[in-house]
Amino acid sequence: MRELLNEPLFRHGYWRVGGPLERLVVVETAAELAALVDVRLVLGNGSNLLIPDAGLTGTTVRFGGEFRGLEVLRDGPGDVVLRAGAGLLNAVLLARLDRLGLGGLGCLAGVPGTIGGAVAMNAGTALGELADCLVAVAGVDGQRIERGMLPMHYRHGGLPDGFIVAAAELRASRVGLDVERMRIADHLARRKATQPLDLPSCGSVFKNPAGHHAGRLIESVGLKGWRSGAAEISERHANFIVNHGGAASLDVMSCIRTAFGRVLQQTGVALVPEVQVFGEWPPELWPLLPPPA
Ligand SMILES: Cc1cc2nc3c(=O)[nH]c(=O)nc-3n(C[C@H](O)[C@H](O)[C@H](O)COP(=O)(O)OP(=O)(O)OC[C@H]3O[C@@H](n4cnc5c(N)ncnc54)[C@H](O)[C@@H]3O)c2cc1C
């Protein structure tokens, strides 16, 4: 187990913003995880979260060691069930599956997080979502929850409050790998052409409301290119907020607040953030106000 005090999130998070984590513990074994109490934040790969510039008090946990492992639990003629540790990166999982001649998890292609984060967020793309291939999750002390017991929906993992994912059982497939490889390549090329992947961001900031695209709504109210300090509502894709270098968390939050406020005012749609926000913020910025009743 490694313990870091006052470790800035900006060194770990994809936005390159965020103040010190009072106590960051990297656990390597199940026993170390079970011994931790009062965990305030579970940090995956930091690709979908925001904390204030003042930082976050309490204990943050991150996964190393055995939590980055991958094992085959059941090997059938078509389907294979795998156990992936919460700290395993999606990209590493996909590369390892590909080498084993396995597919079925293409929904994680281009999602720069860990398996734990993918479960918590029900990560997904145009190729599907994690819920489609999740069999069960394992928590601290071997607690196991079957997929059917989790109310997963669009970008929502449905985990019980405070549940820490230690590993996920996932269904992979031996069938259709060539087709999946082509679909992944097309999908990644489309993202590269339409998203500002050359600058730090956390991907889509807001969920797409039913029947709308969050990015198009933000664009329609004239906010493409709107800036607070070095944070910008991307010119390329308005549902991305990018860091041009040296942005503060407060700048990112100002962009979030401005997009939410103006879209609500001009279109009546209350955007729901996909990004996970932790810590204390000025009340005029966060939480975002619900629409008037
Ligand atoms: C360039 C870019 C593109 C992206 N594209 C996509 C996309 O196409 N589709 C998509 O769905 N997302 C996308 N994202 C967002 C992000 O990658 C996903 O939400 C990802 O699943 C987050 O995983 P993470 O490990 O980085 O989690 P973090 O960002 O570290 O954490 C996110 C949330 O998950 C919780 N969490 C993390 N690990 C655990 C665990 N083990 N147990 C319990 N809770 C946990 C955290 O506490 C937090 O609430 C993108 C992000 C970027 C930067």
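A. Broad picture of the overall build of the protein. If you tally the helices and strands in the protein, you get six helices and 16 strands. Computed over the C-alpha atoms, the radius of gyration of the protein is 19 Å, within 12% of the 19 Å expected from 2.2 N^0.38 for a compact globule of 293 residues. Overall size of the protein, expressed as C-alpha extent along the three principal axes, is 55 × 45 × 40 Å. Counting all 293 residues of the protein, 50% fall into the buried class. Look at the contacts in the protein between residues 6 or more apart in sequence, and 65% of them connect residues 24 or more apart. For the protein, the accessible area works out to roughly 13500 Å², and carbon and sulfur atoms hold 53% of it.

B. View of the site of the ligand. By nearness alone, 36 residues border the ligand, and Val-42, Ser-47, Asn-48, Thr-114 and Gly-124 come closest of all. Backbone polar atom of Gly-124 to a nitrogen atom of the ligand: 2.6 Å apart, as the coordinates give it. Between the ligand and the protein, one listed contact pairs an oxygen atom with a side-chain N or O atom of Arg-155 at 3.2 Å. Expressed as a share of its isolated accessible area of 970 Å², the protein-covered part of the ligand is 93%. Residues belonging to the shell around the ligand are distributed by class as follows: 19 nonpolar, 14 polar and three charged. Here the shell around the ligand spans two domains, and each of domain 1 (2–66) and domain 2 (68–193) adds at least three residues to it.

C. Geometry of the nonpolar core. Residues Leu-93, Leu-105, Leu-108, Ile-115, Leu-134 and Leu-170 are the most contacted members of the largest nonpolar core, which totals 42 residues. Secondary-structure elements contributing two or more residues to this core are strand S2 (20–27), strand S5 (56–63), strand S7 (79–85), helix H2 (90–99), helix H3 (115–121), strand S10 (134–138) and strand S12 (167–173). Both domains that furnish three or more residues to this core are identified here as domain 1 (2–66) and domain 2 (68–193). Here Leu-93 is in contact with Leu-70, Ala-84, Leu-88, Leu-105, Leu-108, Ile-115 and Leu-170, once residues within four sequence places are set aside. Judged by nonpolar contacts, the second largest core, of 33 residues, contains Cys-202, Ile-218, Val-221 and Leu-285.

D. Geometry of the domain arrangement of the protein. What the domain assignment reports for the protein is domain 1 (2–66), domain 2 (68–193) and domain 3 (214–277). Centre-to-centre separation of domain 1 and domain 3, based on C-alpha positions: 26 Å. Counting from both sides, the interface comprises 10 residues of domain 1 and, opposite them, 13 residues of domain 3. Three residues stand out in domain 1 for area buried against domain 3, namely Trp-15, Asn-48 and Leu-50, and they jointly supply 68% of the buried area on that side. Put simply, domain 1 and domain 3 have zero salt bridges between them. Across the domain 1-domain 3 interface, the total number found is eight residue pairs in polar contact (both at pLDDT 80 or more).

E. Representation of the sheet that holds S10 in the model. Reading across the sheet, the five strands line up as S6-S7-S12-S10-S11 and stay open at both edges, with antiparallel pairing between neighbours. Edge positions in the open sheet fall to strand S6 (70–75) and strand S11 (144–146), since each of these has one partner strand only. When strand polarity is set aside, the average angle formed by the axes of neighbouring strands in this sheet is 25°. As paired strands, S7 and S12 are joined by seven bridges and run antiparallel to one another. Within S12, the residue paired with Arg-83 across the bridge is Glu-169.

F. Structural detail: unusual backbone geometry. With an omega dihedral of 5°, the bond running from Trp-286 to Pro-287 counts as a cis peptide bond. Along the chain, Pro-287 falls in the segment after strand S16 (276–277). Despite not being glycine, Arg-16 has its phi angle at roughly 60°, a positive value. Here Arg-16 shows up in the loop between strand S1 (2–8) and S2.

G. Looking closely at helix H4 (residues 177–194). Spanning 18 residues, H4 covers 26 Å between terminal C-alpha atoms, matching the ideal 26 Å at 1.5 Å per step. Buried within H4 we find Leu-177, Ile-184, His-187 and Arg-191. One face of H4 carries all of its buried residues, which in axial projection span an arc of 85°. Counted as exposed and oriented over 90 degrees from the buried face of H4: Asp-178, Met-182, Asp-186 and Ala-193. Its buried side turned inward, H4 meets H2 and strand S8 (124–125).

H. View of the environment of Val-17. Looking at the element boundaries, Val-17 is found in the loop between S1 and S2. For Val-17 and Ile-51, which are 34 residues apart along the polypeptide, the C-alpha to C-alpha distance reads 8.0 Å. Sequence-distant contacts of Val-17, that is, excluding residues within four places in its chain, are made with Leu-9, Phe-10, Leu-50, Asn-243, Ala-247, Ala-248, Ser-249 and Val-252.

Rules and cut-offs
- Residues numbered from 1 in each chain as written.
- Predicted model: local features only at pLDDT ≥ 70, side-chain atom pairs only at ≥ 80, totals over all residues.
- Heavy atoms only, no water.
- Helix = DSSP H or I, 4+ residues; strand = E, 2+ residues; numbered from the N terminus.
- Rg over C-alpha atoms; globule rule 2.2 N^0.38 Å.
- Buried < 20%, exposed > 50% of the residue type's maximum accessible area, 1.4 Å probe, protein only.
- Contact = heavy atoms within 4.5 Å.
- Areas by Shrake-Rupley, 256 points an atom, 1.4 Å probe, with all protein chains shown as cover.
- Near = heavy atom within 4 Å.
- Polar contact = N/O pair within 3.5 Å; in protein donor to acceptor, adjacent residues only side chain to side chain.
- Nonpolar A, V, L, I, M, F, W, Y, C, P; charged D, E, K, R; others polar.
- Domains from an automatic or database assignment.
- Core = buried A, V, L, I, M, F, W, Y, C linked by side-chain atoms within 4.5 Å.
- Buried area = accessible area lost by both parts, 1.4 Å probe.
- Salt bridge = Lys/Arg side-chain N within 4 Å of Asp/Glu carboxyl O.
- Pairing = 2+ DSSP bridges.
- Axes fitted to C-alpha atoms, helices over the stretch in contact; angles between N-to-C directions.
- Expected span 1.5 Å × (residues − 1).
- Arc of directions from axis to C-beta.

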